[in-house]
Amino acid sequence: MPAARRDGASPRDPRLSGLEIWLTGTPAELDAAAAALAAVGHLTQRGTRRPLTGADTGRHRLYLRLNVATTADRPRPAADTTDAGGALIDLAAARARRTA
């Protein structure tokens, strides 16, 4: 009689970590998204770009694995205050003006 099947990860396989992302888009969109994600964290795996077919002809899919720091002390980009991006609103001040 065969042994009971063990349903789970093999102890021989390395433990996976990081953020898994499947991207779908044009080659230019995939390049831009991969570059932006690589700027946010460490790109540990980049799959092969695969073309899609049918109604999605001209688009591709791409698999990425990314390690992202989760600590709060990472530098944050400055707020965009241009007309195109708008500005951050001080909610406490806005509420105070509204109730006054």
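Quick caveat: nothing in here was measured; it's all calculated off a predicted structure.

S.K.: Looking at this structure, how should I read the pattern of salt bridges?
M.R.: Pairing between side chains of opposite charge can happen when their charged atoms approach one another. Inspection of the entire model under this criterion finds four salt bridges. Across the pair Asp 31 and Arg 46 runs a salt bridge whose closest N-O atoms are separated by 3.8 Å. One end of the pair, Asp 31, is in helix α1 (residues 27-40); the other, Arg 46, is in strand β2 (residues 42-46), and 15 residues separate them in sequence. According to the relative accessible area criterion, Asp 31 is partly exposed, its value standing at 39%. Looking at Arg 46, the relative accessible area reads 42%, which means it is partly exposed. Residue Arg 59 is joined to Asp 56 by a salt bridge in which the shortest nitrogen-to-oxygen separation is 3.6 Å. Residues participating in the shared-partner salt-bridge network are Asp 31, Arg 46 and Arg 49.

Parameters at a glance
- Residues numbered from 1 in each chain as written.
- Predicted model: local features only at pLDDT ≥ 70, side-chain atom pairs only at ≥ 80, totals over all residues.
- Heavy atoms only, no water.
- Salt bridge = Lys/Arg side-chain N within 4 Å of Asp/Glu carboxyl O.
- Helix = DSSP H or I, 4+ residues; strand = E, 2+ residues; numbered from the N terminus.
- Buried < 20%, exposed > 50% of the residue type's maximum accessible area, 1.4 Å probe, protein only.

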